[in-house]
Amino acid sequence: MTEYTSIEVLDPNGEGGTPGGKEILYQCHRCGKIIPSVPEDNIGCDCDNIFIDVDYGRLCVQDWTQFSVLRIVS
């Protein structure tokens, strides 16, 4: 089991676009769901505010004010 020391909140609209990667998670503030930024299959939060389409490499967010990017720091 991996032990994590902290979670950082990142700017979702930083230079180069929305961050993604193995250590990056997306959180929906509407429903509270946290999803990986690089899932194996299409995935979305429970309220459909966030959806990741892996076939097209696309991130869809309906309300960016209800969206956070988190980075796990070990």
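Look a little higher up for the structure.
Residues numbered from 1 in each chain as written. Predicted model: local features only at pLDDT ≥ 70, side-chain atom pairs only at ≥ 80, totals over all residues. Heavy atoms only, no water.

Engineer: I keep staring at the sheet that holds strand β6 (residues 58-61) and nothing clicks. Help me out?
Structural biologist: Pairing within the open sheet is antiparallel, and its three strands lie in the order β4-β5-β6. What marks the edges here is a single partner per strand, and that holds for β4 (43-44) and β6. Here two bridges tie β4 to strand β5 (residues 50-53), and the two strands are oriented antiparallel to one another. Its bridge partner lying in β5, G44 is registered against F51. (Pairing = 2+ DSSP bridges. Helix = DSSP H or I, 4+ residues; strand = E, 2+ residues; numbered from the N terminus.)

Engineer: Could you clarify how one ought to interpret the pairing of strand β7 (residues 67-73) in this entry?
Structural biologist: Within a regular strand, side chains alternate between the sheet's two faces. Pairing of strand β1 (residues 6-10) with β7 involves five bridges; the strand directions are antiparallel. Note that in β7 the partner of V9 across the bridge is L70. In terms of strand pairing, strand β2 (residues 24-28) meets β7 through five bridges, oriented antiparallel. By the bridge assignment, Y26 is partnered in β7 with V69.

Engineer: Could you clarify how one ought to interpret the state of the cysteines in this entry?
Structural biologist: Within this structure, the stated rule accounts for zero disulfides. The thiol of C60 is not disulfide-bonded; the next cysteine sulfur, from C45, is found 11 Å away. (Disulfide = S-S within 2.5 Å.)

Engineer: Please explain the side chain of N49 as it appears in this structure.
Structural biologist: Positionally, N49 belongs in the loop between β4 and β5. On the basis of relative accessibility, which here comes to 0%, the residue N49 falls in the buried class. A distance of 2.8 Å separates a polar side-chain atom of N49 from the backbone nitrogen of D63. If sequence neighbours within four positions are ignored, N49 has contacts with C28, R30, C60, V61, Q62, D63 and Q66. (Buried < 20%, exposed > 50% of the residue type's maximum accessible area, 1.4 Å probe, protein only. Polar contact = N/O pair within 3.5 Å; in protein donor to acceptor, adjacent residues only side chain to side chain. Contact = heavy atoms within 4.5 Å.)

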